[in-house]
Amino acid sequence: MPNAHSIAASPHHPGESSVRSYSRTFPVVFDRARGPYLECISGETYIDFFCGAGSLNYGHNATELKEAVARYLAEDRILHGMDMMTAAKFEFLEVFASQILAPRNMDYRLQFCGPTGTNAVEAALKLARKVKKRRHVIAFSNAFHGVSMGSLAVTASAKKRSGSHLPLRDTYFFPYEGFAGGIDTLDLLESCIGRAGSGYELPAALILETVQGEGGVNIGSQAFLQGIAAFCRRHDILLIVDDIQMGCGRTGPFFSFERFGIEPDIICLSKSLSGFGLPFSLVLMKPELDIWQPGEHAGTFRGNNLAFVAATQAIRTFWSDGRASRSAAAIETSMRNWGARLRQAHGEIRDIRGRGAIWGVELDTPGRASAITRLCFEHNLLIDTCGPSGSVIKVMPPVVIEEEIFNHGMQILADCTETVLHAGKTEGPACISAS
Ligand SMILES: Cc1ncc(COP(=O)(O)O)c(C=O)c1O
């Protein structure tokens, strides 16, 4: 009788499509996970600085969330209910309103859409076009908003766009801050949009990431983000903030834009919203924009009740006393020190930038970045690259992590960087124990 280990001996099963990606980057068979650690079937333990691309801000299987989910299952409570009202959904709505929206003086309605991030983006774009009765949307260079057709149309990545073989249209792309050297995007927007004879139609919306995660950890400055918000207001363009990767505390506050005093018309949330790795996405809209007809935008999995339960508990556990924000602030302080040391030691590092618990280490070549992340994996650290050419190492630990474990992960990254950049100078980085 084969046991679980012999069944799952390889990260490649011949039945799975070649579209798979992360099983290539991290070619082991994972089985268990707890807090900042992942364990594969051989018992090897890894520190997770990848975190499901931002879906695990509170780490894996956080105790309070696990207990709430287990209780809910044990009591035979409803799991699937289309978008019918359930006790779990009602409680989530109440807790989100009282603990997230009210303290921030935010007045938004919540739309539950399909379960993934791209479902939220599709709904947001559709609503914006419906409200404004206009076609076009402004998006940015290196933006990533998902891979379904509407989201792909506002995603800049050539690789992601190339597979569609359909027109990806009605998007005006402008350079994100810092994309094209000295170009002032705010000036450029003003000279193109709303100006007679420019050839641009007035768009319905502008979709913005305050930090571009997939695009290379590009940080929108306060001046840039506030300038964009003011531009949208001046021209009657709806501002959609895609906080799918940077929300839920990744940059510090619950919403990545809140420290800048920006009030988006529409907000997309997903990834760490359930806090438990369960699919869940949300569109938040200003009440006056809620012109949907009943059932006009639908989806079978709009009511993932297990995700509601986990999300409600995540808010109670990590947001009632600012625990998540404090932890992100501590990571930011620590990363500034690590960043300064790494830059000083290695001329091949072009830049280290970040905010809260999201940091990018930009190498001079993609080859060096991927050599470092590969070596990190060999030394028990999961970490990925991002950016248009893959030259940025994306440091994305759990937002809630003990300082000692964070520093251990960073030490592996620093040692692997040293080994790759100055091959032969060191003995090689220290492994963590596989306990
Ligand atoms: C900013 C942003 N928007 C949208 C998405 C798409 O989310 P999903 O992969 O769940 O469809 C992602 C995924 O990485 C993202 O980072």
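Residues numbered from 1 in each chain as written. Predicted model: local features only at pLDDT ≥ 70, side-chain atom pairs only at ≥ 80, totals over all residues. Heavy atoms only, no water.

Caption draft 1: Molecular detail of the overall build of the protein. Regarding its fold elements, the protein presents 14 helices and 17 strands. By the compact-globule yardstick of 22 Å for 435 residues, the protein fits well, its C-alpha radius of gyration being 22 Å. Principal-axis analysis of the C-alpha atoms places the extent of the protein at approximately 65 × 60 × 45 Å. Out of the 435 residues in the protein, the part that is buried amounts to 53%. The long-range fraction of contacts in the protein, counting pairs at least 24 apart against all pairs at least 6 apart in sequence, stands at 71%. Taken as two groups, the 42 positive and 45 negative side-chain charges of the protein have centres that lie 4 Å from each other. (Helix = DSSP H or I, 4+ residues; strand = E, 2+ residues; numbered from the N terminus. Rg over C-alpha atoms; globule rule 2.2 N^0.38 Å. Buried < 20%, exposed > 50% of the residue type's maximum accessible area, 1.4 Å probe, protein only. Contact = heavy atoms within 4.5 Å. Lys, Arg positive; Asp, Glu negative; His and termini not counted. Charge placed at Lys NZ, Arg CZ, Asp CG, Glu CD.)

Caption draft 2: Expanded view of the side chain of T417. Tracing the sequence through the fold places T417 in helix α14 (residues 403-421). Look at T417 and you get buried, because its relative accessible area is 3%. When residues no more than four places from it in sequence are discounted, the contact partners of T417 are L342, H346, I349, I372 and H422.

Caption draft 3: Structural detail: the site of the ligand. Lining the immediate environment of the ligand, one finds T116, G117, T118, F144, H145, G146, E209, D242, I244, Q245 and K271. In this structure, an oxygen atom belonging to the ligand sits 2.8 Å away from a main-chain N or O atom of G117. In isolation the ligand offers 390 Å² of accessible surface; the protein chains occlude 83% of this area. Across the shell around the ligand, the residue classes tally to 2 nonpolar, 6 polar and 3 charged. (Near = heavy atom within 4 Å. Polar contact = N/O pair within 3.5 Å; in protein donor to acceptor, adjacent residues only side chain to side chain. Areas by Shrake-Rupley, 256 points an atom, 1.4 Å probe, with all protein chains shown as cover. Nonpolar A, V, L, I, M, F, W, Y, C, P; charged D, E, K, R; others polar.)

Caption draft 4: Representation of the sheet that holds strand β13 (residues 349-355). Ordered by their spatial adjacency, 4 strands build an open sheet running β13-β14-β17-β16, and the pairing between neighbours is antiparallel. Edge positions in the open sheet fall to β13 and β16 (384-386), since each of these has one partner strand only. The average undirected angle you get between the axes of adjacent strands in this sheet is 30 degrees. Helix α12 (residues 323-345) contacts β13, β14 (358-363) and β17 (392-395) of the sheet and is inclined by roughly 175 degrees relative to β13. Sheet strands in contact with α14 are β13, β14 and β17, and its direction is about 165 degrees off that of β17. (Pairing = 2+ DSSP bridges. Axes fitted to C-alpha atoms, helices over the stretch in contact; angles between N-to-C directions.)

Caption draft 5: Main features of the pairing of strand β3 (residues 45-48). A two-sided burial pattern is seen for β3, the buried positions comprising T45 and I47 on one face and Y46 and D48 on the other. As paired elements, strand β2 (residues 37-40) and β3 share 3 bridges and run antiparallel to each other. Counted as the bridge partner of L38 is Y46 from β3. Connecting β2 to the antiparallel partner β3 that follows it, the hairpin turn spans 4 residues, and G43 within it adopts a positive phi of roughly 100 degrees. As judged from the 2 bridges shared by β3 and strand β15 (residues 381-382), these two strands associate in the parallel manner. If you follow D48 over to β15, its bridge partner there is L382.

Caption draft 6: The arrangement of the side chain of S164 in detail. Within the secondary structure, S164 is located in the loop between α8 (158-162) and β6 (171-174). Judged by relative accessible area, which is 17%, S164 ranks as buried.

Caption draft 7: Structural context of the nonpolar core. F96, L206 and F255 are the most contacted members of the largest nonpolar core, which totals 60 residues. For this core, the element with the most residues is helix α11 (residues 305-319), which contributes 10 residues. Taken domain by domain, the makeup of this core includes at least three residues from each of domain 1 (4-61 + 323-421) and domain 2 (77-319). Setting aside residues no more than four positions away along its own chain, F96 makes contact with L101, L110, F254, F255, L269, L273, L282, L284 and I315. Membership of the second largest hydrophobic core comes to 31 residues, among which are L342, V361, A369 and I405. (Core = buried A, V, L, I, M, F, W, Y, C linked by side-chain atoms within 4.5 Å. Domains from an automatic or database assignment.)

Caption draft 8: Fine view of the domain arrangement of the protein. By the assigned domains, the protein splits into domain 1 (4-61 + 323-421) and domain 2 (77-319). Computed over C-alpha atoms, the centres of domain 1 and domain 2 are 26 Å apart. At the interface, 32 residues of domain 1 touch 33 residues of domain 2. Our count for the contact surface shared by domain 1 and domain 2 stands at 1 salt bridge. With a closest N to O distance of 2.8 Å, K394 and E214 form a salt bridge. If you look at where domain 1 meets domain 2, you find 20 residue pairs in polar contact (both at pLDDT 80 or more). Counting only elements with at least two residues in the side of domain 1 that touches domain 2, the list comes to α3 (51-54), α12, β13, β14 and β17. Residues belonging to the side of domain 1 that touches domain 2 are distributed by class as follows: 17 nonpolar, 11 polar and 4 charged. (Salt bridge = Lys/Arg side-chain N within 4 Å of Asp/Glu carboxyl O.)

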